[in-house]
Amino acid sequence: MGKDAWWSVPLAVLIGVPMYTNAAGVIPIVQALLAKGAALGTVLAFMMSVIALSLPEMVILRKVLKGRLIATFVGVVAAGILLVGYVFNAVLLHVKVLGTGCASCRNTLTLVRTVADDLGVALELDKVEDLQQFVRYGVMRTPAVVVNEQLVHVGGVPTREKVEGWLRGATG
C-alpha cells in the first residue's frame, strides 16, 4: 500500500467502509499501517473512510434521509477522501532511515528531521529497523537513507549539505 501503487487509496477506502469505530479507535490501526510502510495519504484515506463512510453509519442515516441523498453524500465524501489521499501521496516526501539503532543511525534520523524543518520541507520520516527492508534496498551497512524509494546513502552519517541536496532535489 505504498504511494506508487495507484490502487492503494481506493482499496484503503473500500476496506474502511465496513468498519465501525470512532477516531480514537482507529489510531492503533493507523499506527500499524504506517509501521508496515503504508503511505500517509493511503492511511489518511482509510482513516477518513472509517469515520465518514462506515456502513453502520449509512444504515443509521437511512432512517432519516432518502437513499438518493445518502448516495450523493457518499459520492461527494468518497471523492474528497480519494483526492486527499492521492494529493498527500503525491506531494509528501517520504524519507526512510535504515539502521539498527546505533548512534550513527539515530544521528542520521535527527539530521534529516532538522534539515527538513530548517528548509520547511514537509516529509514523512520513517526509522526502519527491519532487516528484510535492508535486503530489499541492497543495504549491507548502516545507516542508509532512502528518499522516495531511491537509495541515496549507505554507511556513516551524511553531511548536512548532502541531506539538503536530497531534500531540495526531491522537492524540485
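First things first, this report covers the structure right here in the doc.

Conventions adopted
Residues numbered from 1 in each chain as written. Predicted model: local features only at pLDDT ≥ 70, side-chain atom pairs only at ≥ 80, totals over all residues. Heavy atoms only, no water. Helix = DSSP H or I, 4+ residues; strand = E, 2+ residues; numbered from the N terminus. Contact = heavy atoms within 4.5 Å. Areas by Shrake-Rupley, 256 points an atom, 1.4 Å probe, with all protein chains shown as cover. Lys, Arg positive; Asp, Glu negative; His and termini not counted. Charge placed at Lys NZ, Arg CZ, Asp CG, Glu CD. Pairing = 2+ DSSP bridges. Patch = residues over 30% accessible without salt bridge, like charges linked within 9 Å, V, L, I, M, F, W, Y side chains within 5 Å. Salt bridge = Lys/Arg side-chain N within 4 Å of Asp/Glu carboxyl O. Buried < 20%, exposed > 50% of the residue type's maximum accessible area, 1.4 Å probe, protein only.

### Notes on the overall build of the protein
Helix and strand counts for the protein come out as eight helices and four strands. With the principal axes as the frame, the protein shows a C-alpha extent of 60 × 30 × 25 Å. For the protein, contacts bridging at least 24 residues in sequence account for 72% of all contacts bridging at least 6. Accessible surface, the protein: about 9700 Å² in total, of which carbon and sulfur atoms supply 64%. Distance from the positive charge centre (15 side chains) to the negative charge centre (11 side chains) of the protein: 8 Å.

### Thoughts on the pairing of strand β4 (residues 150–154)
Residues in a regular strand project their side chains so that they alternate between the two faces of the sheet. Relative to β4, strand β3 (residues 144–147) is paired through four bridges, and the arrangement is antiparallel. Bridge pairing links Val-147 to Gln-150 in β4. Counted along the chain from β3 to the antiparallel partner β4, the turn is two residues long, and its residue Asn-148 has a positive phi close to 50 degrees.

### Concerning a nonpolar patch on the surface
Taken together, the side chains of Trp-6, Trp-7, Leu-11, Ile-15 and Tyr-86 make up a nonpolar region of the molecular surface, amounting to roughly 530 Å² of accessible area. Here Trp-7 shows up in the segment before α1 (8–16). Owing to a relative accessible area of 40%, Trp-7 belongs among the partly exposed residues under this scheme.

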